[in-house]
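A structural walkthrough
Read off the chains here:
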Amino acid sequence: MALVEGCKHALEISVPVQEVESETARVTADVQKRAKLQGFRPGKAPASMIRKYFAGDIRQKVLEGLIPKYLHKQFEAENLNPVGTPDISDIHLHEGEPLRFKAEFEVVPEIELKGYKELEVAYHDPEISDEDVNQRIEEIRGQKADYVNVDPRLVEDGDHAVVALESLSGVAGEPVKTDELTLEIGGAETLPAFTENLRGKMPGEELEFDVAYPEDYGSPRFAGKTIRFRASLKGIRRKELPELNDEFAQDLGDYRTVDELRDSVKKSIFAQRQAEAQQQAKNELVEKLVDSHEFPVPEAFVDRQIRNRVEQSLRAMAGEGADLNSIKLDWEKVKTTQRDKALREVKASMLLTRVSERESIHATRDEVDKEVERVARQQREPVGAVQMRFEKDGTLNRIANHIQTEKTLSFLFEHARKTA
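Residues numbered from 1 in each chain as written. Predicted model: local features only at pLDDT ≥ 70, side-chain atom pairs only at ≥ 80, totals over all residues. Heavy atoms only, no water.

**So, the packing of helix α11 (residues 383-393) against helix α12 (residues 395-415)**
Quick reminder of the rule: Where helices are involved, their axes are fitted lines through C-alpha atoms of the stretch in contact, as for all axes, and angles between N-to-C directions lie from 0 to 180°. Helix and strand definitions here come from DSSP, where helices need a minimum of 4 consecutive H or I residues and strands a minimum of 2 consecutive E residues; each element is numbered from the N-terminal end. Under this scheme an angle from 65 to 115 degrees is roughly perpendicular, one under 35 degrees roughly parallel, and one over 145 degrees roughly antiparallel; angles in between are oblique. We call two residues in contact when some of their heavy atoms are within 4.5 Å. Residues are grouped as follows: nonpolar covers Ala, Val, Leu, Ile, Met, Phe, Trp, Tyr, Cys and Pro; charged covers Asp, Glu, Lys and Arg; every other residue, Gly included, is treated as polar.
Relative orientation of the contacting elements α11 and α12 amounts to 90 degrees, with a least axis distance of 5 Å. Classified by the angle their axes make, α11 and α12 are roughly perpendicular. For the pair formed by α11 and α12, the contact residues are Gln387, Phe390, Glu391 and Asp393 on the first element and Thr395, Leu396, Arg398 and Ile399 on the second. The residue inventory of the contact of α11 with α12, partitioned by class, reads 3 nonpolar, 2 polar and 3 charged.

**Observations regarding the environment of Lys201**
Heads up, the condition is: Between N or O atoms, a polar contact is any pair within 3.5 Å; within protein, one atom must be a potential hydrogen donor and the other a potential acceptor, and residues adjacent in sequence are included only when both atoms are from side chains.
Mapped onto the secondary structure, Lys201 falls in the loop between α5 (192-198) and β9 (206-212). For the pair formed by Lys201 and Ile403, sequence separation is 202 residues and the distance between their alpha carbons is 54 Å. When neighbours within four sequence positions are excluded, Lys201 is seen to be in contact with Arg153, Leu154, Val155, Leu207 and Leu233. Here Asn197 takes part through its backbone oxygen, which lies 3.2 Å from a polar atom of the side chain of Lys201.

**Examining the confidence of the model for the protein chain**
Caution applies to low-pLDDT regions: their predicted coordinates should not be interpreted in detail. The cut-off we apply is this: Confidence of the predictor at the level of single residues is captured by pLDDT, which takes values from 0 to 100.
When pLDDT is averaged across the protein chain, the result is 91; 97% of the residues are at 70 or more. Model confidence for the protein chain, summarised as mean pLDDT per element, is weakest for strand β1 (residues 2-5) at 62 and strongest for helix α7 (residues 258-291) at 97.

**Overview of the pairing of β9**
The line we're drawing: Working definition: with a 1.4 Å probe on protein chains only, accessible area under 20% of the residue-type maximum means buried, over 50% means exposed, and in between means partly exposed. Strand pairing requires that DSSP identify at least two bridges connecting the strands.
A one-sided burial pattern is seen for β9, the buried positions being Leu207, Phe209 and Val211 and the unburied ones Glu206, Glu208, Asp210 and Ala212. In this sheet, strand β10 (residues 226-240) lies alongside β9 in antiparallel orientation, the contact comprising 7 bridges. Its bridge partner being in β10, Glu208 is matched across the sheet by Arg230.

**Description of the pattern of salt bridges**
To keep it simple, the criterion reads: Salt bridges are counted wherever a side-chain nitrogen of Lys or Arg sits within 4 Å of a carboxyl oxygen of Asp or Glu.
A full pass over the atoms with the stated rule returns 32 salt bridges. Between Arg309 and Glu345 there is a salt bridge, and its shortest N-O distance comes to 2.4 Å. A residue pair is termed long-range when its members are at least 10 positions apart, and Arg309 in helix α8 (residues 299-319) and Glu345 in helix α9 (residues 331-358) qualify at 36 residues. On the basis of relative accessibility, which here comes to 31%, the residue Glu345 falls in the partly exposed class. Several salt bridges share partner residues, and in doing so they unite Glu166, Glu208, Asp210, Arg228 and Arg230 into one network.

Right, dumping it as structure tokens:
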């Protein structure tokens, strides 16, 4: 065996003459049974004629029978763990001689783990202020607010303008169209172009204007685009918040007083921010783990990860209504731009798998079952039906792998040295 480069290996394999002759005889007899030659009943044509008329087919079937078999034997003999389909070349097959061929392939590399415990990471538990609690309670009041119709007048800041909206240009695929969209004029969640164009207008007015969406806008279909809209102002509403008192707290759930509500909100904010802070710390630990381990990665893994990244992006765009037929992918350019990120993601996955093997971390059947039950409840389907579907399409394995990864990340975090 020869190491070509990184994870690439090459084997030159020779199959004994007697094996080649035996396989050739078997294939010839198999072809002979089904062959139809003029002047002979099926299966009765002489072997010499079969070999003459079907030489190409026989050669192909002999290669298909012997190459995988002897390749697998060699993999086992040399304890190799190949990735993907080997490239076969330099095939030498002549009567009375051994079959010789060359195979190039990638293998899963050996990874020598080091220093994955006691990694240093910046982390401290979040501190929740009274202002944080007040802000969250105001959000809850906002969710429970009533929106009261206002008699026609000029739109002003703080109003909630009700508009019918249709895109005229700037967006791929079907136009954006909604009969009733409510926008808070001057609100933080409202893009400035909507506020500036609707402020000072009267219900019943129709207008056209451009909206420039930021590059980091949440919807890929709109991000970075300037879209021209036709808007019809249908009405104005004012937001009326419920009074903050014990009765309001009781309406929200198992609380007797506003103070009990505040205490619950504080705990909820703490849990949320703690989870976010821990996730950020775990991400940093993974980056450190990747930086501290140098090993070759099979290109097949990197290519697969690039394809996964592209498919996720396309699914997100399709979910936003984008016309995927209008998107022309330059695969070589995509591979170039995505390769570094994909390589680090593959390295991270391989390292976490090695840590989980070293520490015997795995998903239990109970953990997988609980996740399946959660999905079944969410989709309002029988648990048994979801379980069967997930077994067939491989989702059960993906769930187990995800749980194992999360448990491994928690292990790294628990054993890390946290600095403030």
